[in-house]
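Structural overview for review
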Amino acid sequence: GAGVSQSPSNKVTEKGKDVELRCDPISGHTALYWYRQSLGQGLEFLIYFQGNSAPDKSGLPSDRFSAERTGGSVSTLTIQRTQQEDSAVYLCASSLAWGAKNIQYFGAGTRLSVL
Amino acid sequence: AQTVTQSQPEMSVQEAETVTLSCTYDTSESDYYLFWYKQPPSRQMILVIRQEAYKQQNATENRFSVNFQKAAKSFSLKISDSQLGDAAMYFCAYRDSGSEKLVFGKGTKLTVNP
């Protein structure tokens, strides 16, 4: 597609429920990144993918968070047993490659509200 | 760990005037990249400008330019001839050459007054 697409745009859920957030990167981009933007913590890195593998998961805050990428394209970020502190905007970015060619282009994010 | 500091939570500028947003960073690396991103109310982060640390020449993109002072670890953004559409949150970000993740500052909210 023309840009990074994320769905849903907004998600309201109840505490304890599982949620899935989707990211569709720019066509041809091999690297994909997830960040979280919350009021108290600013923008934090969560995980990144090279193709379908995730060399760096260091930002995932707990084992309730997981992500996968299939076919070198779409990625899903799953949060299990959501807590109120998970409320944030989850941003996805993609880049043509990594290293020197790592210029990240972002989607509009998913705003997650946990009641 | 690398950190990025934006000391101005909010700034305002008159339309057509010039404004400078500050950013400092802390790193022990010598090879890295610096970025300014703009985030309007639509939430989409838009890349404004980037700078490679090994390049001494300051990057420019139309009305946007940076003042990169490597020794001082400073990377400020200058917006010339400010326009109403420039109003947004601006984030400074750092990435060292051995990592793929961006480290962001807390952001500066820019208001452009007509």
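Before reading further, recall that the structure is shown in the block above.
Okay, so let's go over this structure.

Parameters and conventions
- Residues numbered from 1 in each chain as written.
- Chains lettered and ligands numbered in written order.
- Predicted model: local features only at pLDDT ≥ 70, side-chain atom pairs only at ≥ 80, totals over all residues.
- Heavy atoms only, no water.
- Helix = DSSP H or I, 4+ residues; strand = E, 2+ residues; numbered from the N terminus.
- Rg over C-alpha atoms; globule rule 2.2 N^0.38 Å.
- Buried < 20%, exposed > 50% of the residue type's maximum accessible area, 1.4 Å probe, protein only.
- Contact = heavy atoms within 4.5 Å.
- Areas by Shrake-Rupley, 256 points an atom, 1.4 Å probe, with all protein chains shown as cover.
- Lys, Arg positive; Asp, Glu negative; His and termini not counted.
- Charge placed at Lys NZ, Arg CZ, Asp CG, Glu CD.
- Phe/Tyr/Trp six-rings, centres within 6.5 Å; stacked < 30°, edge-to-face > 60°.
- Pairing = 2+ DSSP bridges.
- Axes fitted to C-alpha atoms, helices over the stretch in contact; angles between N-to-C directions.
- Buried area = accessible area lost by both parts, 1.4 Å probe.
- Salt bridge = Lys/Arg side-chain N within 4 Å of Asp/Glu carboxyl O.
- Core = buried A, V, L, I, M, F, W, Y, C linked by side-chain atoms within 4.5 Å.
- Disulfide = S-S within 2.5 Å.

Let us look at the overall build of chain B. Within chain B one finds 0 helices and 12 strands. Against the compact-globule benchmark of 13 Å for 114 residues, chain B has a radius of gyration of 14 Å, which places it among compact chains. For chain B, the spread of C-alpha atoms along the three principal axes comes to 40 × 25 × 20 Å. Per-residue burial over chain B gives 48% buried out of 114 residues. A separation of at least 24 residues holds for 54% of the contacts in chain B among residues at least 6 apart in sequence. Taken as a whole, chain B presents about 5600 Å² of accessible surface, with 45% of it coming from carbon and sulfur. Taking the average location of the 12 positive side-chain charges in chain B and that of its 12 negative ones, the two points are 3 Å from each other.

Evaluated as defined, the whole model comprises 14 aromatic pairs over all chains. Measuring from centroid to centroid gives 5.5 Å for Y33 of chain A and Y48 of chain A, while their planes differ by 15 degrees, and the two rings are stacked. Taken together, the positions of Y33 of chain A in strand β4 (residues 31-38) and Y48 of chain A in strand β5 (residues 42-50) put the pair 15 residues apart, joining distant regions of the chain. Each member of the pair, Y33 of chain A as well as Y48 of chain A, is classed as buried. Centre to centre, the rings of Y35 of chain A and F106 of chain A are 5.6 Å apart; their planes meet at 45 degrees, and the pair counts as tilted. Residue Y35 of chain A is found in strand β4, and its partner F106 of chain A is found in strand β10 (residues 105-106); the two are separated by 71 residues along the sequence. In this structure Y35 of chain A comes out as buried when scored by relative accessible area, which is 0%. Among the aromatic residues, those joined into a ring-pair cluster are Y35, F45 and F106 of chain A together with F35, Y37, F91 and F104 of chain B.

Note: strands within a sheet are paired through backbone hydrogen bonds, in either parallel or antiparallel orientation. Residue and element names in this part refer to chain A. The 4 strands are arranged β1-β3-β8-β7 in an open sheet whose pairing can be described as antiparallel. Looking at which strands have only one partner, the edges of the open sheet turn out to be β1 (5-7) and β7 (65-69). Geometrically, the sheet is characterised by an average inter-axis angle of 15 degrees between neighbouring strands, direction not taken into account. As defined by bridge partners, β7 adjoins strand β8 (residues 75-79) across 5 bridges and the pair is classed as antiparallel.

All right, on to the interface of chain A and chain B then. Between chain A and chain B, the contact holds 27 residues from the first and 17 residues from the second. Of the roughly 1800 Å² buried between chain A and chain B, counting both surfaces, carbon and sulfur atoms make up 49%. There are 0 salt bridges connecting chain A and chain B. Those elements that place two or more of their residues in the side of chain A that touches chain B are β4, β5, β9 (88-95) and β11 (110-114) of chain A. In terms of residues, the side of chain A that touches chain B owes the most to one element, β5 of chain A, which gives 4 residues.

What follows covers the nonpolar core. Ranked by internal contacts, the top residues of the largest apolar core, which has 25 residues, are Y25, W36, F75, L77 and Y90 of chain B. Counting residues per element, the ones that place at least two in this core are β3 (19-21), β5 (32-39), β6 (46-52), β8 (64-69), β9 (74-79), β10 (88-96) and β12 (108-113) of chain B. Here the element with the most residues in this core is β10 of chain B; it accounts for 4 residues. Once residues lying within four places of it in the same chain are set aside, the contact partners of Y90 of chain B are Q6, L21, W36, Y37, K38, V48, F64, L77, I79, G107, T108 and L110 of chain B. W34, I47, Y90 and C92 of chain A belong to the second largest nonpolar core, which has 19 residues in total.

All names here are of chain B. Within the secondary structure, D86 sits in the loop between β9 and β10. Take D86: its relative accessible area is 3%, and that puts it in the buried class. Excluding its chain neighbours within four sequence positions, the residues that come into contact with D86 are K38, R63, F64, I79, D81, L110 and V112.

We now examine the state of the cysteines. Residues and elements named next belong to chain A. For the structure on display, the rule yields 2 disulfides over all chains. Through a disulfide, C23 is tied to C92; the S-S separation comes to 1.9 Å. Disulfide C23 to C92: torsion about the S-S bond roughly -65 degrees, handedness left-handed. One end of the pair, C23, is in strand β3 (residues 19-24); the other, C92, is in strand β9, with 69 residues separating them in the sequence. Exposure class is identical for C23 and C92. Each is buried.

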